[in-house]
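# Secondary and tertiary structure notes
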Amino acid sequence: MCGIVGILGREPVAPALIDALKRLEYRGYDSAGVATLENGRLTRLRASGKLRNLQDKLKETPLSGHIGLGHTRWATHGRPNENNAHPHANDRVAVVHNGIIENFRELREELTAKGHVFATETDSEAVAHLVAEEMRQGSKPREAVAAALGRLKGAFALVFLFDGELDLLIGARRGSPLAVGWGDDGVYLGSDALALAPFAKEIAYLEEDDWVTLTREKTTFFDAAGRIVERARRPLQAGSLMVDKGNYRHYMAKEIHEQPEVVGRTLAHYLDLASGTARLPFDLAFDAKALSRVTISACGTAFYAGLVARYWLERFARLSVEIDIASEFRYREAPLPEGGLMIVVSQSGETADTLAALRYAKAHGQHVLSIVNVETSTIARESDTVAQTLAGPEIGVASTKAFTCQLAVFACLALALGRARGVLTEEREKELVAELIATPGLMAQVLKDEARIEPVARDVARASSVLYLGRGPSYPLALEGALKLKELSYIHAEGYAAGELKHGPIALIDFAMPVIVLAPHDASLEKTVSNLQEVAARGGHLILIGPESARVAASAELAGFIEMPEVAAGAFAALVYAVPAQLLAYHVAVFMGKDVDQPRNLAKSVTVE
Ligand code: M6R
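Rules of the game
- Residues numbered from 1 in each chain as written.
- Predicted model: local features only at pLDDT ≥ 70, side-chain atom pairs only at ≥ 80, totals over all residues.
- Heavy atoms only, no water.
- Helix = DSSP H or I, 4+ residues; strand = E, 2+ residues; numbered from the N terminus.
- Buried < 20%, exposed > 50% of the residue type's maximum accessible area, 1.4 Å probe, protein only.
- Areas by Shrake-Rupley, 256 points an atom, 1.4 Å probe, with all protein chains shown as cover.
- Lys, Arg positive; Asp, Glu negative; His and termini not counted.
- Charge placed at Lys NZ, Arg CZ, Asp CG, Glu CD.
- Pairing = 2+ DSSP bridges.
- Contact = heavy atoms within 4.5 Å.
- Axes fitted to C-alpha atoms, helices over the stretch in contact; angles between N-to-C directions.

## Some points on the overall build of the protein
A tally of regular secondary structure across the protein gives 20 helices and 27 strands. Dimensions of the protein along its principal axes, counting C-alpha atoms only, are 75 × 55 × 50 Å. For the protein, the proportion of its 609 residues judged to be buried stands at 63%. When the accessible surface of the protein is totalled, it reaches about 22,600 Å², and 48% of it is carbon and sulfur. Considering the protein, the positive charge centre built from 65 side chains and the negative charge centre built from 76 side chains are found 1 Å apart.

## A look at the pairing of strand E4 (residues 67-73)
Across the 7 residues of E4, 7 count as buried, placing the element largely inside the fold. The side-chain alternation of E4 yields two buried faces, one formed by Ile67, Leu69, His71 and Arg73 and the other by Gly68, Gly70 and Thr72. Alignment of strand E1 (residues 3-9) against E4, held across 6 bridges, turns out to be antiparallel. Looking at the pairing, Val5 lines up with Gly70 of E4. For strand E2 (residues 31-38) and E4, the ladder comprises 6 bridges, and the chain directions are antiparallel. Directly across from Gly33, in E4, lies its bridge partner His71.

## Remarks on the sheet that holds strand E11 (residues 202-205)
Hydrogen bonds between backbone atoms are what pair the strands of a sheet, whose relative direction is either parallel or antiparallel. Overall, antiparallel pairing links the 8 strands, which are arranged E3-E2-E4-E1-E10-E9-E11-E15 in an open sheet. Two strands close off the open sheet at either side, each with one partner strand: strand E3 (41-48) and strand E15 (234-235). For E1 and strand E10 (residues 186-190), the ladder comprises 5 bridges, and the chain directions are antiparallel. Within E10, the position partnered with Gly6 by the bridge is Leu189. Packed onto the sheet, helix H2 (residues 51-60) meets E2 and E3 and runs at close to 135° relative to E3.

If you want it as structure tokens, here you go:
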């Protein structure tokens, strides 16, 4: 995950930029760079590899500017080399970027046609040229940035430094965090509080779609519409930085909101975003064509990620999938195919049942691939291949960002296996990768409208039992939505395959029990809508999570409607629909005054049977 810092100081800023970048090293990076204004002119130094390479360059060519940017890059588009390192710059502006610019190809074509020369393979460079183009047409830096932001698609944090502007930095966020810090020696921008800790006494976080202008005397926050807004400043608590809640009341809320960033980061690790193909960072140590079956085992939320993945592995890799919860699988004495593939999934990597399932599979000659968040965990250590989810530490007991990152890894794996098995055409793979790349931006869009979930949550908080319905990959998501609600609010909830309703649970329908229908615009929509109508016909208490077209098709009386983007990642809609399911459970629990981060009776890591 890239790290960003910007400093408007009173002394040369290069040493402080390096200091801040060192504090961001934990995020992982493959190159780094800084830019300052030397006699008012943009000057940058970049180096591949570790920060000491950049420091060596700074020794040879010291920078003395009192304003500057720094960046540690974690390659997404383009190779990890010096040329692709940030800041990206032209004669007008330098920019550092964290995230993914989805529409960079269109922008690159458009700007190239206007005479801009691209020097890198990155998506980020398009932002620098877009702003420069606005300035060439007469806009001042502020207007140029505002206009450019309106043209960008995706999830990102950006900081800009302008040629000749000795007292101006501009930052922006959509989907990726960005904070402003105020200290005795200057004002600062950083991708997290940790970067700013040694310098800043106070901090404020940009909200979704905010942008901010910084001068030494004045900080002005703007919302997406360009209106000036206030953002709360609070003291920077040095002690609790690594697990800081940021602006959020609970870790869970913070982790839900981190999803555009960490899912983007995870996708960038498993996809080649420039070519639009899947690219696993490890060799498949088995013959994918010869695989007859994949076995998946996990617990809780991780198990539901596996259930979603079953649809993708069957559909895109044409693999049959056997899946079971680990506490059952470990004792079933299941026969496993010779040289088969076993996938275990775990956030903590320490879950006792999942570990036992892994050991059973190993003892029965399986190649074990684990999808884990904690790289140093026992499950990771005992696996043949580790596919890490790059979710970062998950503190809330209820799993959120680990789940969507597990889905992201599974989606990429399904595409890579499909290609390795010769069952997925290059064209189809590219279409599917484009759908995946859109997910962080769509998640950010859903998160932005969080307030509309609150009235629905108030309604659900009155219930004593709730039913979640979905079809296809939305069925496991219904199970996950119900699990989140149970864990956090202690309201009884069940997830059901929408088509199974008529085989029993329909008897439960009355107006007291909310029925939450997950209905993305996918191949099952029509059928899901029919099931919704079955509930409506029996006077059910319906809450729809879906696009406007689903609401229109349903033409039923709804007690609640959480509108979703019409096109939401096609086959991978589960990644986007996880967000409202999580938010709903979160807000219900908050209304009920429950302990959101540490629900009763639950542990984050379950190391006993
Ligand atoms: O660390 P793991 O992913 O192996 O944990 C598995 C389950 O214990 C976990 O997902 C649990 O269900 C969470 N409380 C879900 O929010």
